[in-house]
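The chain contents come next:
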Amino acid sequence: MKKKILISVACTLLLTMCLAVFAACKKSGDKVVITVGMWPEASQKADIEVFNKWKASFEADYPEYEIKPAAYTYSPDTVTAKAESGQLPTVFQTYFTEPQKLITSKYIADITDLLHEFGWYDKMDTTMREAVTSDGRVYGIPRDGYGLGLFLNLEMFYELGEIDKGADGKYILYDNDGAPLYPTTFADVKRVSELVVAEYENTYGMVILSANKNGGWQFSNMAWNFGASALQVNDGGKWKSALNSKGAVDALNWILDMRQNDLISSASSNSYMDWYRNIGSKTVAMAIAGSDALSLPVTNYNFNKDDIAFVPMPTGDGVSQNALYGGTPYVFSSKASKEQIKGAMLFLKYMGRSPEVDEVSTRAMEDGNRLAQSKGMPILPTIKPWVNEEYLTYANALEAQFVNVNMDYYKDFFSTIGTIKKAEEPYYCQEMYGYLDNAIQEVLSHPATANPQALLTTANGQFQTVLDKLK
Amino acid sequence: MKKEEASEKLIDRSALSYKALTTVKKNWGGWLIMLPGIILFAFFVWIPLITNIKLSFQETVGFTGSGFVGFDNYIRVMDNPIFWKALTNTFKYAFWSVIIGFLVPIVLGLFLSEVVHFKGLFRVGIYFPAIISGIAVVIMWTYIFNPNPGAVMNVLLGVFGIAPSSFLSSQEMVIPLIVITMTWKGAGATALIYLSALQNIGDAQYEAARIDGANALQRIRYVTLPHIWPTVKMLFILQIISIFQIFYEPLVMTGGGGPNGASVSLLLLSYQYAFEMGDASASAAVGVILSLIIIVLTVVYLKPKGITNFLGKIKNGIVKAVKKCK
Amino acid sequence: MQINRLRTKTGGILNFSDYKKPVFKVVYIVILAILFIAVLTALIPPLWLFISGFKDASELESTPYHLFPEMFSIAKIAEVWKAIDFGKYFVNTLIVVVGAVLCSVVFNGLLAYAFAIIKPKGHKFFFALVMLGYMIPAIASIVPLYKEIMNVRLLFDGAAEWLTGYAPLWLIFGANAFYLIMFKNYFESLPKALFEAARIDGCSKLGMFFKVVVPLSRPIIGVVAIFTMTAAWSDFLLPYLILQDDSLMTVMVKIYNLQATMGTVMGFGPDRLLMVLTISILPQIVLFALFQRQITANAVSSGIKE
């Protein structure tokens, strides 16, 4: 009896397996299938609804295409696995630091000709286009940009007496002469941190990221602002690592000083989520963040959006001021056919991510803003990837309609970003950030003995061997 | 003369082929049964191992090897201070997991076998962590070891008047804490294995020892330990194997082996070389070094007699294989 | 407490005669206390996790720390479960575990059977090869291993994605030197006469495995199955690299991905991650409660006599 049951179970299993194989073999008609990597994760129900709407209207207009969701959150360590196994979606998002690596490994496709065909090439922001260009060929379409700046908890600043409140209940970030009351130098940041630590229990001045390459990423901006002109130098055709220049050492010394005075936490494995985790749980008053991520404390921690200010990166040496500038491009799998890539680019239009301002695109752009509004997210100006007149006019007008924050708290950032923006270092950025992470971690975990000069010299040597791989 | 020689050879050859035929006839069934297992071992263990050795001497583009570069990859890997950290960390992991991970279950197992009250509660309770998937355990403990002075563990320490600790952000504490996490998950299940070995010891043996005048400690020394020794040995090997497989614990708990490489393991380093830095040949070199360490340890563990047996087995195998080829 | 039980305890290192002395009564109480502490240590962290999952994100690190959330809303479990669609990942994990256990028992068992009982020509050579890689984890050669798996996958291009995804995760458990040796040692201890008898009855070699060896080897099969189950349940690296499609991911891989992308995903903060962890444990608790006796008994039976 038992045996019979076993046999029948085995047979059913086998049968289902065979059926599954056959089902998979069946081609989905003659349609060109486009897998979309930026499809929202399953948990983002509202986003998926909007994407489904875009998919439906796209497939109605172009019946020869089929959009297939393939949610993929890019990360530098999964892309190798995905690409080597031929599982990259037709189109997906990455960061501006990544295309060079993806191009060398031949994982993403050259779309220059299609861009010309669509008439999009000249409408692209040139700095952003640069980030996705190699040997004069373009490999991606920028979605948006971000600049690093300083996130402030205004409620704390007010309680500390750093800023005032007007009669309308709004914070006043400037004195009578119009000079900013928020920290503009790292010395200011330290001064405010001292006040924070004295006033609040279990709270620090700011959070320093130090893990998963995020420490090095933010640190490179700090190093620039302490006077390091670049962390990678072209020395007569050969790239030299410059991680231990004076500016970089000064920046790390500043972190060490903050740590020794207990103005920052000893936590040495803070990665990207930890800036908003600390801001959200009010264990810090300040954090360095990207302008594209400011809504995270609000959506994930119910942080009051009216208590947020976002100001330009402070300077370290009183002279240098840069804002690390990066962004998100859409790139296309090199395994995809020209037809698929073309379809994927057309779909970008239906997502409102193209320079076009016809009915389809404007509706999609509105959808995007409505979605953000419905989530109660702070809606801020964005850094635009397209620079053609009609796009800018429309996008700016739309934004003005949806922006729901007090722009006084953001205006300095957005007015300076155009002039102080600085692209990330050119080669093997993620590796460089990794070695910098180590130096920062040492400073945080051994403040009594850490020697910034020596640590950065070690990191410099390690990174030089990586740069030596450049032909 | 020549003719005779030729015919002799002819006979010889036919005899040989006859012999081969009977060997095949006698063995084909066994070979067929061996085949699936051998294929799997070849595919998942032997071929990757050999390819990895080859790859470690090559230059790589993506995951594909090209020209041979001698020991360059090894030199590059060893030039990187992080490698030496990973190597010393491996021994730190081994040390702590013998101290904590290996001894705790033995003690728990002994206690479980002695106790007559609440037996069921103790067994189920102690086994409970084993049912939680590894990654959930690791993330949970990362949150518990939150270094903020206002977070749970520090508040708890504060109750006992202990100053807040930075836990996983401390280079000295990170490895013991990771081992504690692993032990928390694994100790209960292991203790139950010891328990069953202990339950196999008959009352009569303890009785005999008692009659011989053995006190409690002597009974443990002369009755208990010898009986559970095979289990101890087996679980010791498993413990050692698990040390060399430490990978996602530091990946998750310390954001990839921090602070400053204080918790990075060789396997994690090998993974990071391949999948984060795109340096497959360095990854292979680390993998080969890791394998060499394990082989040396295995040989030491097998001890002299074991080694001769072991080498003898390999020699016999090879001699036979060579003979067969003739 | 029924101290009587100590008076009737006949087995173990300490028995009734020892417990007549007060010293050993103290020892016994210490043992009980230690075991209670061990049980609390095992249970409190998951309980903390369960409670914390209900907190609002900003409550997690609030000052002063409070253990209990301001409000318990059972709806949050349902909401997070629905948002993540957790059932799917459970089924996937079960598929991986069941397949791994089957492969582990069948392939290691068959090979051990050949090595221990049939002993065809060349078995010593292959056994020596197996011994060489005895303790080396397959993932020490991660690059070639991954490449090989992907190459084979290309051969089965038309096959269902889940099959090509899960098959390597099942089969790799079929090549485990440790399980193989456990099987081999056990098989060698079986009485030879049985095999002779079966042979005379005209049993084929494969038939003998299923009709004679397997029924006699229940204990060792249970041990290997339990070991494989635990290992497959917590297997991470290969599933993480191979199962790139969200719909195929195991619980381990999904949780890792949720954790790793938390820096960019809106509406998914640490409180939700903790809730997901709780949810990931719940079905296991149900399974454990149902099969508690079998599982602990099996773990107990896996103590090996040699």
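Residues numbered from 1 in each chain as written. Chains lettered and ligands numbered in written order. Predicted model: local features only at pLDDT ≥ 70, side-chain atom pairs only at ≥ 80, totals over all residues.

Topic: the overall build of chain B
Our working definition: Counting from the N terminus, the helices are the DSSP runs of H or I reaching at least four residues and the strands are the DSSP runs of E reaching at least two. Whether a residue is buried, exposed or partly exposed is read from the other C-beta atoms within 10 Å of its own C-beta, which are placed from the backbone; 20 or more gives buried, 12 or fewer gives exposed, and intermediate counts give partly exposed. A residue pair is marked as a contact if its C-beta atoms, positioned from the backbone, fall within 7 Å.
Looking only at helices and strands, chain B has 12 helices and 2 strands in total. Order of helices (α) and strands (β) in chain B, N terminus to C terminus: α-β-β-α-α-α-α-α-α-α-α-α-α-α. Counting only residues that meet the buried cut, chain B has 47% of its 326 residues in that class. Restricting the contact set of chain B to residue pairs at least 6 apart, pairs at least 24 apart contribute 64%.

Here we look at the overall build of chain A
In plain terms, the rule: Within these notes, the globule rule equals 2.2 Å times the number of residues to the 0.38 power, and the radius of gyration is based on C-alpha atoms.
Looking only at helices and strands, one finds 18 helices and 15 strands in chain A. Computed over its C-alpha atoms, the radius of gyration of chain A comes to 25 Å, within 12% of the 23 Å expected for a compact globule of 471 residues. Viewed in the frame of its principal axes, chain A has a C-alpha envelope of about 75 × 65 × 50 Å. Residues classed as buried in chain A amount to 52% of the 471 residues present. In chain A, the proportion of contacts linking residues at least 24 apart, taken out of those at least 6 apart, comes to 76%.

Looking at the interface of chain C and chain B
Across the boundary between the two partners, chain C contributes 90 residues, which contact 101 residues of chain B. The dominant element in the side of chain C that touches chain B, judged by the number of residues it contributes, is helix α2 (residues 22-53) of chain C, at 12 residues.

Examining the interface of chain A and chain B
Using the following cut-off: In this classification, the charged set is Asp, Glu, Lys and Arg, the nonpolar set is Ala, Val, Leu, Ile, Met, Phe, Trp, Tyr, Cys and Pro, and all remaining amino acids, among them Gly, are polar.
Taken together, the contact pairs 27 residues of chain A with 26 residues of chain B. Those elements that provide at least two residues to the side of chain A that touches chain B are α3 (76-84), α17 (429-445) and α18 (452-467) of chain A. Looking at which element gives the most residues to the side of chain A that touches chain B, the answer is α17(A), with 6 residues. Among the residues forming the side of chain A that touches chain B, the class breakdown is 5 nonpolar, 17 polar and 5 charged.

Examining the domain arrangement of chain A
All names here are of chain A. Selection criterion: What counts as a domain boundary in this text is fixed by an automatic or database domain assignment.
Per the domain assignment, the segments of chain A are domain 1 (32-144 + 326-402) and domain 2 (146-325 + 414-467). Measuring from the centre of the C-alpha atoms in domain 1 to the corresponding centre in domain 2 gives 30 Å. In this assembly, 15 residues from domain 1 lie in contact with 18 residues from domain 2. Going through the elements one at a time, α6 (126-131) and β14 (323-332) are the ones with two or more residues in the side of domain 1 that touches domain 2.

Examining unusual backbone geometry
Residue and element names in this part refer to chain A. Phi at K106 takes a positive value of approximately 60°, unusual for a residue other than glycine. Within the secondary structure layout, K106 lies in the loop between α4 (99-104) and α5 (112-118). The class of K106 is exposed, set by 12 C-beta atoms lying within 10 Å. If you check the backbone angles, Y428 has positive phi at about 45° while not being a glycine. On the secondary structure map, Y428 appears in the loop between β15 (421-423) and α17.

Focus: the environment of I226(C)
Within the element layout of this structure, I226(C) appears in helix α11 (residues 218-233). Along the sequence, I226(C) and K124(C) sit 102 residues apart, while their C-alpha atoms lie 28 Å from each other.

Focus on the pairing of β14(A)
All names here are of chain A. Put simply, the rule reads: For two strands to count as paired, DSSP must find a minimum of two bridges between them.
Extensive coverage of β14 is indicated by the burial of 10 of its 10 residues. Bridge analysis of strand β3 (residues 91-93) against β14 gives 3 bridges, and the strand direction is antiparallel. What sits directly across from Q93, in β14, is Y330. Where strand β6 (residues 140-153) and β14 come together, 7 bridges link them in antiparallel fashion. By the bridge assignment, Y146 is partnered in β14 with G326. Direction of pairing for β14 relative to β15: parallel, over a ladder of 3 bridges. Pairing of Y325 across the sheet is with A423, part of β15.

Here we look at helix α8 (residues 186-199) of chain A
Because an α-helix completes one turn every 3.6 residues, residues spaced three or four positions apart along the sequence face the same direction. All names here are of chain A. This is how the line gets drawn: Expected span, for any helix, means 1.5 Å times one less than how many residues it has. This arc is taken over the directions from the axis of the helix to the C-beta atoms.
With 14 residues, α8 extends 20 Å between its outermost C-alpha atoms, agreeing within 8% with the 20 Å of an ideal straight helix rising 1.5 Å per residue. Buried residues of α8: F186, V189, V192, S193 and V196, and no others. Down the axis of α8, the smallest arc covering the buried residues is 115°, so these residues share one side. On its buried face, α8 sits against α7 (154-159), β9 (204-207), α10 (246-260) and β12 (284-290).

A few points about the packing of helix α7 (residues 174-199) of chain B against helix α9 (residues 216-244) of chain B
All names here are of chain B. Applicable threshold: Lines fitted to the C-alpha atoms define the axes, with helices restricted to the stretch that makes contact. Angles between their N-to-C directions range from 0 to 180 degrees. For any pair of crossing helices, the crossing counts as left-handed if the nearer helix is rotated counterclockwise from the farther one by less than a right angle, and right-handed if it is rotated clockwise.
Interaxial distance between α7 and α9 falls to 9 Å at its minimum, and their mutual angle equals 145°. The two elements α7 and α9 cross, and the hand of that crossing is right-handed. Residue-level contacts link T190, I193, Y194, A197 and L198 of α7 to T224, H227, I228, T231 and L235 of α9. Of the residues in the contact of α7 with α9, the class split is 6 nonpolar, 4 polar and no charged.

What about the domain arrangement of chain B?
As assigned here, chain B comprises domain 1 (2-55) and domain 2 (80-325). Counting from both sides, the interface comprises 4 residues of domain 1 of chain B and, opposite them, 6 residues of domain 2 of chain B.

A word on the pairing of strand β13 (residues 308-312) of chain A
Residue and element names in this part refer to chain A. Taking burial as the measure, the 5 residues of β13 include 5 buried ones, the bulk of the element. In the sheet, β6 pairs with β13 via 5 bridges, with the strands oriented antiparallel. Among the inter-strand pairings, N153 is bridged to a residue of β13, identified as I308.

Section: α17(A)
With 17 residues, α17(A) extends 24 Å from end C-alpha to end C-alpha; this agrees with the ideal 24 Å at 1.5 Å per step. Counted residue by residue, α17(A) has 17 buried out of 17 residues, so it is predominantly covered.

Observations concerning the confidence of the model for chain B
Heads up, the rule is: For every residue, the predictor assigns a confidence score, pLDDT, that lies between 0 and 100.
Taken as a whole, chain B shows an average pLDDT of 87; of its residues, 88% reach a score of 70 or greater. Across the assembled chains, the prediction reports ipTM 0.88 with pTM 0.88.

Side note on the environment of E161(C)
Residues and elements named next belong to chain C. As for its placement among the helices and strands, E161 is situated in helix α7 (residues 161-171). Assessed through the 16 C-beta atoms surrounding it within 10 Å, E161 is described here as partly exposed. Distance from E161 to M249, taken between C-alpha atoms, is 12 Å for residues 88 residues apart in sequence.

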